[in-house]
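Summary of structural features
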Amino acid sequence: MADMASFRDAVTAWAAGGPEDPARDLAGRLSVRTAVLLEGPSDTAAVDALAAHHGRDLAAEGICVLPMGGAMSVGRFAGLLGPTGLDLRLTGLCDERERGYYVRALDRAHASPDDLFVCAADLEDELIRALGVERVTELIEAEGDLRPLQTFLRQPAQQDRTARQQLRRFFGTKKGRKIHYGRVLVEALEPARTPAPLAGLFAAL
């Protein structure tokens, strides 16, 4: 049975040089109307967790949350999915340092840059700031990662960083950790504390 995961796989294969027909066929069968362009799986985990938190089934709404495997791929995906390709509405979430890639890609695809939501550093930093260092540390302890965090914080390279910077770096030190905590941090958010880029994205969907 076709589902949104099948469409994501078909689009990813198309972007890598594969055939376009499977993605085009699935877009019609699944009534896909919007593609949310994200850099990678940790951002996807956070967006999926927030959707579940709000009781929304994005796939049922025709919204495809699409990790691209890096911001440098945004031009390719925007061209395939936007007005010059499948004619889906494009939106996305990116880090400040990647804004230029996204804006240029959306412009070339004749899509609106107003549907782009930008994190000051990255999404992890936005979530840490929203929850606070103390609360994030409590969540890390609850997930059984307090000892690895304490070991990490004793490293000389961490001594000149702020507590928020240290936590952000910690999430990137082990494969899969950013994805895991993307979900954990979002699930701990009170609705009023949702970071502005995430809140803006969901308000636009």
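Okay, so let's go over this structure. (Residues numbered from 1 in each chain as written. Predicted model: local features only at pLDDT ≥ 70, side-chain atom pairs only at ≥ 80, totals over all residues. Heavy atoms only, no water.)

1. What to know about helix H7 (residues 133–142)
For H7, every residue scored as buried is listed here: Val-136, Leu-139 and Ile-140. Summarising the axial view, the buried residues of H7 lie within an arc of 100°, below the 170-degree limit, and thus occupy one face. Along H7, exposed side chains directed more than 90 degrees from the buried face belong to Glu-134 and Ala-142. Buried residues along H7 sit against helix H6 (123–131), helix H8 (146–153), helix H9 (163–171) and helix H10 (177–187). With its phi angle positive at about 80°, Gly-144 sits one or two positions after the end of H7. (Buried < 20%, exposed > 50% of the residue type's maximum accessible area, 1.4 Å probe, protein only. Helix = DSSP H or I, 4+ residues; strand = E, 2+ residues; numbered from the N terminus. Arc of directions from axis to C-beta. Contact = heavy atoms within 4.5 Å.)

2. Some details on the layout of surface pockets
The volume enclosed by the largest pocket comes to roughly 330 Å³. Taken together, 16 residues form the lining of the largest pocket, with Arg-97, Asp-122, Glu-124, Gly-172 and Lys-178 sitting closest to its centre. For the lining of the largest pocket, the secondary structure elements donating two or more residues are helix H3 (41–53) and H9. Of the residues assigned to the lining of the largest pocket, the class counts are three nonpolar, four polar and nine charged. (1 Å grid on protein atoms, 1.4 Å probe; cavity = no way out; pocket = protein on both sides within 12 Å on 5 of 7 lines; lining within 4 Å. Points joined across faces, edges and corners; volume = space filled by probe spheres on them. Nonpolar A, V, L, I, M, F, W, Y, C, P; charged D, E, K, R; others polar.)

3. Digging into H9
Those residues of H9 that fall on the buried side of the exposure criterion are Gln-166, Leu-167, Phe-170 and Phe-171. Buried residues of H9, seen end-on, are gathered within an arc of 135° and therefore sit on one face of the element. If you follow the buried residues of H9, they end up packed against H6, H7, H8 and H10.

4. A look at the packing of H7 against H10
Relative to each other, H7 and H10 sit at 120°, their axes nearing to 11 Å. Compared by their axis directions, H7 and H10 come out oblique. The way H7 lies across H10 gives a crossing that is right-handed. Counting all contacts with H7, which are made through Val-136, Leu-139 and Ile-140, the residues of H10 involved are Tyr-181, Val-184 and Leu-185. (Axes fitted to C-alpha atoms, helices over the stretch in contact; angles between N-to-C directions. Parallel < 35°, antiparallel > 145°, perpendicular 65-115°, else oblique. Left-handed = near helix turned anticlockwise from the far one by under 90°.)

5. Here we look at the packing of aromatic side chains
Scanning the entire structure with this criterion turns up three aromatic pairs. For the pair Phe-152 and Phe-170, a centre-to-centre distance of 5.7 Å together with 55° between the ring planes defines the contact as tilted. With Phe-152 in helix H8 and Phe-170 in helix H9, the pair connects residues that are 18 residues apart, well separated along the chain. For the pair shown, Phe-152 and Phe-170 are each scored as buried. Chaining the aromatic ring pairs together yields one cluster made of Phe-152, Phe-170, Phe-171 and Tyr-181. (Phe/Tyr/Trp six-rings, centres within 6.5 Å; stacked < 30°, edge-to-face > 60°.)

6. Here we look at the pattern of salt bridges
Summed over the entire model, instances satisfying the criterion amount to twelve salt bridges. Across the pair Asp-95 and Arg-97 runs a salt bridge, and its minimum N-O distance is 3.3 Å. Classification of Asp-95 by relative accessible area gives buried; the value is 5%. The salt bridge partner of Glu-96 is Arg-99, with a shortest N-O separation of 3.0 Å. One continuous salt-bridge network, built from bridges that share partners, spans Asp-125, Glu-126, Arg-129 and Arg-164. (Salt bridge = Lys/Arg side-chain N within 4 Å of Asp/Glu carboxyl O.)

7. Some words on the side chain of Asp-145
Its location among the elements puts Asp-145 in the loop between H7 and H8. Lacking a salt bridge, the buried Asp-145 has Arg-177 as its closest oppositely charged neighbour, with an N-O distance of 4.2 Å. Polar side-chain contacts of Asp-145 include one of 2.7 Å to the side chain of Tyr-181. Look past the residues within four positions of Asp-145 in its chain and what remains in contact with it is Ile-140, Phe-170, Arg-177 and Tyr-181. (Lys, Arg positive; Asp, Glu negative; His and termini not counted. Polar contact = N/O pair within 3.5 Å; in protein donor to acceptor, adjacent residues only side chain to side chain.)

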